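Results of the structural survey
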Amino acid sequence: MTAEATHDQTTDSDRAAESAAETTTVTVRCTGHVREAVGTHELEFTFEGTQLQAFLETFFEDYDVEELLIAETEEEATAHGWAEPPEELPGTWRKNPEGEQTRTYARVCVNGKFNELLDGFQTELEDGDRVALIYPFMFCC
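Residues numbered from 1 in each chain as written. Predicted model: local features only at pLDDT ≥ 70, side-chain atom pairs only at ≥ 80, totals over all residues. Heavy atoms only, no water.

- In the nomenclature of an unreviewed UniProt entry, the chain corresponds to Molybdopterin converting factor small subunit from the organism Halopiger aswanensis.

As structure tokens, then:
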């Protein structure tokens, strides 16, 4: 078999794998500014893949809400004026790594749990899961 024939077979195999890629359908619930931008509070959304990261990337291609939810820097993810946390925090307190954080007050939840309490943006999703995209309206007096 020639190298050219092997290359063609690999390309055909790659194409077959791509067309057979797993898709996942989730229920998306939107609140606040995200709801306003998306135009509804709930929708079904199908994407290629099984992880929250794949969902977010595909959702942001269809709906221009990435800037409302995702922090690009640590500064955008940090709220100011909060009380200092105690030295020993109960449970497992951790935050997503930089680049996988939400903006101040914005949240991404899977089945009612903050994604940081799961596997961050690597959280596995299954058909029928609920993904909440939360960016509340904030009012100040």
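So, next bit.
1. Side note on the pairing of strand 2 (residues 42-48)
- What you see with strand 2 is a clean split: Leu-43, Phe-45 and Phe-47 sit on the buried side and Glu-42, Glu-44, Thr-46 and Glu-48 on the side with no burial.
- Judged from the seven bridges that link them, strand 1 (residues 23-31) and strand 2 form a sheet pairing that is antiparallel. By the bridge assignment, Arg-29 is partnered in strand 2 with Glu-42. (Buried < 20%, exposed > 50% of the residue type's maximum accessible area, 1.4 Å probe, protein only. Helix = DSSP H or I, 4+ residues; strand = E, 2+ residues; numbered from the N terminus. Pairing = 2+ DSSP bridges.)

2. Quick word on the environment of Thr-24
- By secondary structure assignment, the location of Thr-24 is in strand 1.
- Distance from Thr-24 to Gly-128, taken between C-alpha atoms, is 8.3 Å for residues 104 residues apart in sequence.

3. Side note on unusual backbone geometry
- Of note in the backbone geometry, Asn-111 takes a positive phi value of approximately 50° without being a glycine.
- We classify Asn-111 as partly exposed; its relative accessible area is 33%.

4. Looking at the nonpolar core
- Counting residues in each nonpolar core, the largest one holds 24 residues, and the members touching the most others are Val-28, Leu-52, Phe-55, Phe-59 and Leu-133.
- Of all the secondary-structure elements, those providing two or more residues to this core are strand 1, helix 2 (32-38), strand 2, helix 3 (52-62), strand 5 (107-110) and strand 7 (130-135).
- Sort the elements by how many residues they give to this core and helix 3 lands first, with six residues.
- Those residues in contact with Phe-59 that sit more than four places away from it in its chain are Val-28, Val-38, Leu-43, Phe-45, Val-65 and Leu-133. (Core = buried A, V, L, I, M, F, W, Y, C linked by side-chain atoms within 4.5 Å. Contact = heavy atoms within 4.5 Å.)

5. Quick look at the side chain of Thr-50
- Inspection of the secondary structure assignment puts Thr-50 in the loop between strand 2 and helix 3.
- For Thr-50, a relative accessible area of 18% translates into the label buried.
- For Thr-50, the side chain forms a polar contact with the side chain of Glu-124, separated by 2.8 Å.
- In contact with Thr-50, not counting residues within four places along its chain, are Glu-22, Thr-24, Thr-123, Glu-124 and Leu-125. (Polar contact = N/O pair within 3.5 Å; in protein donor to acceptor, adjacent residues only side chain to side chain.)

6. Details of the pairing of strand 7
- Bridge count for strand 1 against strand 7 is five bridges, and the pairing is parallel. Its bridge partner lying in strand 7, Thr-27 is registered against Arg-130.
- Relative to strand 7, strand 5 is paired through four bridges, and the arrangement is antiparallel. Bridged to Val-108 within strand 7 is Leu-133.

7. Observations concerning the sheet that holds strand 1
- Strand order across the open sheet formed by five strands is 2-1-7-5-6, with mixed pairing between neighbours. The open sheet has two edge strands, strand 2 and strand 6 (113-114), and neither has a second partner.
- Sheet strands touched by helix 3: strand 1, strand 2, strand 5 and strand 7. Its angle to strand 2, the strand with the most contacts, is close to 115°. (Axes fitted to C-alpha atoms, helices over the stretch in contact; angles between N-to-C directions.)

8. Details of the pattern of salt bridges
- For the coordinates displayed, the defined rule picks out two salt bridges.
- Residue Arg-29 is joined to Glu-42 by a salt bridge in which the shortest nitrogen-to-oxygen separation is 3.0 Å. Residue Arg-29 is located in strand 1, and its partner Glu-42 is located in strand 2; the two are separated by 13 residues in the primary sequence.
- Overall, Glu-42 belongs to the partly exposed group, its relative accessible area being 35%.
- Among the ionic pairs, Arg-107 bridges to Glu-116, the shortest N-O distance being 2.7 Å.
- On the basis of relative accessible area, Arg-107 is assigned to the partly exposed category, the value being 25%. (Salt bridge = Lys/Arg side-chain N within 4 Å of Asp/Glu carboxyl O.)

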